[in-house]
Amino acid sequence: MMQVSSKCGVVRAASFLICALVTLQASTNAFQPQLSNTANFCRPSTVVNRNDCTTTGRSVVGHNRLNGGASVSTKTSTKLHSQSKSIDTDAILKYGTAAVVQMSIFSTAFYLLDQIVGVSPLTQLPAPAVGFLFYFFSLKSRIFNPLNNKRPKRDKLEEGSDGFRDRVMPSWTPPGVVFPIMWVLIIGPARAYSASLIFQANGHHLFDPALLSFVFHLTIGDIWNTINNTEKRYGAAVIGILCVVASAAFAATQYYQVDPLAGKILGATLLWLTTASALIADTWRLNPNPDGDRDPLYPVKGEAETSFLWFASSEE
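In this text the structure is predicted, and so the values were computed from the model without any measurement.

A. Highlighting the overall build of the protein. If you tally the helices and strands in the protein, you get ten helices and four strands. Reading the helices (α) and strands (β) of the protein from amino to carboxyl end gives α-β-β-β-β-α-α-α-α-α-α-α-α-α.

B. Looking closely at a nonpolar patch on the surface. Among the surface-exposed residues, Val177, Ile181, Val184, Leu185 and Ile186 lie close enough to one another that they form a single nonpolar patch of about 430 Å² accessible area. Along the chain, the position of leucine 185 falls in helix 5 (residues 178–201).

C. Structural detail: helix 5. The first and last C-alpha atoms of helix 5 sit 33 Å apart over 24 residues, in line with the 34 Å expected at 1.5 Å per residue. Where helix 5 bends most, at isoleucine 187, the angle is about 35 degrees, and the proline proline 189 comes one to four residues later. On its buried side, helix 5 packs onto helix 4 (127–140), helix 6 (209–230), helix 7 (234–258), helix 8 (260–268) and helix 9 (270–286). Count one or two residues on from helix 5 and you reach glycine 203, which has phi positive near 90 degrees.

D. Structural detail: the side chain of histidine 217. With respect to the secondary-structure elements, histidine 217 resides in helix 6. At a separation of 3.0 Å, a polar atom in the side chain of histidine 217 contacts the side chain of serine 247. The residues contacting histidine 217, other than those within four sequence positions of it, are Arg191, Val244, Ser247, Ala248 and Leu273.

E. Up close: the packing of aromatic side chains. In total, this model carries twelve aromatic pairs according to the counting rule given. With 6.1 Å between their ring centres and 40 degrees between their planes, phenylalanine 110 and phenylalanine 137 make a pair best called tilted. One end of the pair, phenylalanine 110, is in helix 3 (residues 89–118); the other, phenylalanine 137, is in helix 4, with 27 residues separating them in the sequence. Of the two residues examined, phenylalanine 110 and phenylalanine 137, each falls in the buried class. Ring geometry for tyrosine 111 and phenylalanine 207: centres 5.6 Å apart, planes at 75 degrees, overall edge-to-face. Within this pair, whereas tyrosine 111 is found in helix 3, its partner phenylalanine 207 is found in the loop between helix 5 and helix 6, the two being separated by 96 residues in sequence. Given a relative accessible area of 40%, tyrosine 111 falls into the partly exposed group. Ring pairing ties together the aromatic residues Phe106, Phe110, Phe134, Phe136, Phe137, Phe144, Phe214 and Tyr255, which thus form one cluster. Taking the ring centre of tryptophan 284 as reference, the NZ or CZ of arginine 294 above it sits at 5.7 Å.

F. Summary view of helix 4. Given a rise of 1.5 Å per residue, 14 residues ought to cover 20 Å, and the 20 Å separating the end C-alpha atoms of helix 4 matches this to within 8%. Looking at the buried positions of helix 4, the neighbouring elements they touch are helix 3, helix 5 and helix 6.

G. Examining the packing of helix 5 against helix 9 more closely. Where helix 5 contacts helix 9, the axes come no closer than 12 Å and their chain directions differ by 155 degrees. Our classification of the angle between helix 5 and helix 9 gives roughly antiparallel. Note on packing geometry: the crossing formed by helix 5 with helix 9 is left-handed. Residues Val178, Phe179, Met182, Trp183 and Ile187 of helix 5 pack against Trp272, Leu273 and Leu279 of helix 9. Of the residues belonging to the contact of helix 5 with helix 9, the class tally is eight nonpolar, no polar and no charged.

H. Spotlight on the pattern of salt bridges. Per the stated rule, a full pass over the model turns up six salt bridges. With a shortest N-O distance of 3.9 Å, lysine 85 and aspartate 293 are connected by a salt bridge. Residue lysine 85 is located in the loop between helix 2 (75–82) and helix 3, and its partner aspartate 293 is located in the loop between helix 9 and helix 10 (312–315); the two are separated by 208 residues in the primary sequence. We note a salt bridge from aspartate 90 to lysine 94, for which the minimum N-O separation is 3.4 Å. Of this pair, aspartate 90 and lysine 94 both sit in helix 3, separated by four residues, roughly a single helical turn. For lysine 94, a relative accessible area of 18% gives the class buried.

I. Focus on the environment of proline 146. Of note, proline 146 is situated in the loop between helix 4 and helix 5. Taking the relative accessible area as the measure of exposure, proline 146 reaches 3% and is therefore buried. Between the C-alpha atom of proline 146 and that of alanine 99, which follows or precedes it by 47 residues, the distance is 8.9 Å. The contacts of proline 146, once residues within four sequence positions are left out, are Ala98, Val101, Ser307, Phe308, Leu309 and Trp310.

J. Region of interest: the confidence of the model for the protein. Confidence in the prediction for the protein averages 76 pLDDT; 66% of positions are at 70 or higher. Per-residue pLDDT, averaged within each element of the protein, yields its smallest value for strand 3 (residues 65–66) (30) and its largest for helix 8 (97). Note that residues 1–8 has pLDDT below 50 and, in this model, five contacts with residues that lie over four places away or in other chains. Below a pLDDT of 50 lies the segment residues 20–82, which in the model reaches 107 contacts outside its immediate sequence neighbourhood of four places, other chains included.

The rules behind each value
- Residues numbered from 1 in each chain as written.
- Predicted model: local features only at pLDDT ≥ 70, side-chain atom pairs only at ≥ 80, totals over all residues.
- Heavy atoms only, no water.
- Helix = DSSP H or I, 4+ residues; strand = E, 2+ residues; numbered from the N terminus.
- Patch = residues over 30% accessible without salt bridge, like charges linked within 9 Å, V, L, I, M, F, W, Y side chains within 5 Å.
- Areas by Shrake-Rupley, 256 points an atom, 1.4 Å probe, with all protein chains shown as cover.
- Salt bridge = Lys/Arg side-chain N within 4 Å of Asp/Glu carboxyl O.
- Expected span 1.5 Å × (residues − 1).
- Bend = angle between axes of the 7 residues up to and from the residue.
- Contact = heavy atoms within 4.5 Å.
- Polar contact = N/O pair within 3.5 Å; in protein donor to acceptor, adjacent residues only side chain to side chain.
- Phe/Tyr/Trp six-rings, centres within 6.5 Å; stacked < 30°, edge-to-face > 60°.
- Buried < 20%, exposed > 50% of the residue type's maximum accessible area, 1.4 Å probe, protein only.
- Lys NZ or Arg CZ within 6 Å of the ring centre and 35° of its normal.
- Axes fitted to C-alpha atoms, helices over the stretch in contact; angles between N-to-C directions.
- Parallel < 35°, antiparallel > 145°, perpendicular 65-115°, else oblique.
- Left-handed = near helix turned anticlockwise from the far one by under 90°.
- Nonpolar A, V, L, I, M, F, W, Y, C, P; charged D, E, K, R; others polar.
- pLDDT = per-residue confidence, 0-100.

Structure (structure tokens):
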């Protein structure tokens, strides 16, 4: 019965992604005429201040000013985006490798911890300890991912709703302080509590399909963080955030089969993730290339360099 439900969860997640892509493509075609005749746009090839950008209708005209207002040439950026937009298979291979590594680390650690506790006087981990453990994973799971996935620094956040300095953000972007509040005080505790409920309901095992489905969700989120915040692949980030939402929905479905309350709690975090998806898609719309085209919805060769942070010193 669980296998049938799991397959249904996968089918629903896949259907969600397909519908989202069709809707996104339709909206892209609708906005394209307004952007095709724009000469210069704000683009994070240099650090751009939102105050240097003027909005005209749906198009954004940028001055790309740096170092006291000196204009920065966009010839190099234009040349890059005029090249063939072939898919970056090397980046995709590294994303997949990173996912396998991170899932393997978590799976091995959970299995060994179950075995150690099973032969120790403890007999089982306390539920509060498990909750704290998953709270930590919810906020710091990226340390188990080999990719360069450093989060944006707080000094990169503008006051009010201006978002990141290195890109043009939608006008409805929440103030920077909202993000740490959501993750630290709402999303993190919700994930921790729901995971502790699953741990108690499954016979006190960490190496459990439902908990591993949540770890898979964290893994997808860490890879997306690299794509969006480190590599600044705005098009691929749209698909990435949809995968994050789908993986969260799948994990919530797995939780619900074990403990309905845990599934509902984890499912509630989809409200925030769905809002983030709309924000990422709108950011992609507002940041076209210098030639007026937007990034393809996949990693493009020459767009960025995907690297493993763990081996950065040896590569240099």
